[in-house]
Amino acid sequence: MVKREELYVGVDLGGTNVRAAVIDAAGHVLGQEKHRLLSREPPQVAEAVVRAAKTACGAAGMPFTEMKGMGLGVAGWIQKGTGVVMNAPNLGWREVPFLKLVQARAPKLPLWIGNDLSVAAGGERAAGAGRGVDDLLVVLVGSGVGAGIILGGKLHEGASNVAGELGHVMVHPGGRQCGCGQRGCLEAYAGGHNLAAWARDDLRIALAAARAAGQRHPNVGRKLLEIAGEPEKVTAAAMEKAAHEGDELSRRLLEEAGDLLGIALANLITVLNPARLLLGGGVLNGSPRMMRAAIAQVDAHTTKAARLALQITAPELGEQAGVVGAALLARASLALAA
Ligand SMILES: [Zn+2]
């Protein structure tokens with residue numbers, strides 16, 4: 001029998017979907033709901049979040065009014081102490097007082113908000129591949145690149161809640177344009193959309209050179225072009241497939257992105273000395289080549305003592321990490337505040 005006072009709702013808010021689940025103290029999902037966001041207007045999103053939470057409660061057979069609290073994980077920078085979403089590129093938000101908007105629709109419910117990577121790290125530590133690990137890094141490479149950091153058993157969010165922005169460490173000063181406005185960030189090379197854009201740029205150059213030489217097709221990237229159809233349709237997945245079929249351009253870029261990721265990881269591991277690194281995300285899971293390159297750099301460039309202490313494995317919770325982590329972090333932080 002589940003004790004009702006132990007139940008929290010976890011919400012994972014992405015740019016496309018909102019996911020909510022009722023979570024018990026052990027991190028088990030008792031009921032859940034996922035739906036597409038019909039609007040990205042903050043009041044409508046707040047409405048959708050509360051609706052998803054109530055539907056998840058219904059699925060768990062528990063009244064919403066009996067939830068002890070709700071945790072929200074949002075992909076973006078959340079201002080410490082205010083719950084204002086300062087910047088969430090996937091939602092197109094700047095300075096949105098999101099916690100207040102949700103609170104207005106669930107006035108009595110204690111709320112907690114954190115960023116998606118922190119939430120994923122909290123979830124993996126409580127109920128996934130980081131169980132019982134006090135010094136844990138969770139690094140996910142998808143369209144964005146980010147790290148969730150747990151040090152000494154505590155989530156490390158930093159002085160202004162922006163710790164873990166691994167995607168924006170500098171790997172090539174003055175290099176490719178990143179979505180954050182800087183040039184040469186890791187994410188400008190290893191993030192899924194940017195990696196594909198990098199391949200498109202190199203393909204266009206190869207196409208122009210081939211045409212200038214009177215050839216119809218370039219030698220470089222020919223396989224990638226065949227698989228994608230045209231440069232505009234290149235994706236990280238198409239690059240992996242092309243590399244597998246011998247495409248030199250795709251192989252070079254995937255390995256270079258993996259190398260840059262691996263060097264950034266090696267530096268992070270040398271500084272933080274974690275016991276475990278959970279390495280995953282859509283792009284890395286889709287590209288064994290990039291994963292191998294990254295791990296080879298970690299092996300080559302991490303200090304020996306830090307490397308010996310480190311285990312590298314895959315996250316376990318997948319898409320559930322967000323809801324589980326949000327609920328359990330809400331539980332931990334609201335219980336401390338009470
Ligand atoms: Zn950046």
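The following refers to the structure shown. A quick note: this is a predicted structure, and the numbers were derived from the prediction, not measured.

Here we come to the overall build of the protein. In terms of helices and strands, the protein carries twelve helices and 13 strands. Seen along its three principal axes, the alpha-carbon backbone of the protein occupies a region of about 70 × 50 × 35 Å. For the protein, with 338 residues in total, the buried portion stands at 47%. Put simply, 65% of the contacts in the protein that link residues at least 6 apart link residues at least 24 apart.

Turning next to the pairing of strand β2 (residues 17-23). Burial within β2 is extensive, with six of its seven residues counted as buried. The pairing of strand β1 (residues 8-13) with β2 spans six bridges and is classified as antiparallel. When the bridges of β2 are listed, Val-11 appears paired with Ala-20. With antiparallel pairing between neighbouring strands as the criterion, β1 and β2 make up a hairpin whose turn holds three residues.

Before going further, it helps to examine the packing of helix α7 (residues 236-244) against helix α8 (residues 248-272). One can describe the packing of α7 onto α8 by two numbers: an axis separation of 7 Å at closest approach and a directional angle of 120°. One element, α7, and the other, α8, form an angle in the oblique class. Seen along the crossing, α7 lies across α8 with a hand that is left-handed. Here α7 contributes Met-239, Glu-240, Ala-242 and Ala-243 to the contact with α8, which in turn contributes Ser-250, Arg-251, Leu-253 and Leu-254. Residue composition of the contact of α7 with α8, grouped by class: five nonpolar, one polar and two charged.

Time to look at the nonpolar core. With 107 residues, the main nonpolar core has Val-9, Val-11, Val-49 and Leu-224 as its most contacted residues. The dominant element in this core, judged by the number of residues it contributes, is α8, at eleven residues. Setting aside chain neighbours within four positions, we find Leu-224 in contact with Ala-199, Leu-203, Val-234, Ala-238, Met-239, Ala-242, Asp-247, Leu-249 and Ser-250.

Glancing now at the sheet that holds strand β13 (residues 311-313). In space, the five strands of this open sheet follow the order β11-β10-β9-β12-β13, with mixed pairing throughout. Each edge of the sheet is formed by a strand with only one pairing partner; in this case those strands are β11 (154-155) and β13. The strands touched by helix α3 (residues 116-127) within the sheet are β9 (136-141), β10 (145-151), β11 and β12 (276-280), with β10 carrying the most contacts at an inclination of about 50°.

Cut-offs and rules
Residues numbered from 1 in each chain as written. Predicted model: local features only at pLDDT ≥ 70, side-chain atom pairs only at ≥ 80, totals over all residues. Helix = DSSP H or I, 4+ residues; strand = E, 2+ residues; numbered from the N terminus. Buried ≥ 20, exposed ≤ 12 C-beta atoms within 10 Å, placed from the backbone. Contact = placed C-beta atoms within 7 Å. Pairing = 2+ DSSP bridges. Axes fitted to C-alpha atoms, helices over the stretch in contact; angles between N-to-C directions. Parallel < 35°, antiparallel > 145°, perpendicular 65-115°, else oblique. Left-handed = near helix turned anticlockwise from the far one by under 90°. Nonpolar A, V, L, I, M, F, W, Y, C, P; charged D, E, K, R; others polar. Core = buried A, V, L, I, M, F, W, Y, C linked by C-beta atoms within 7 Å.

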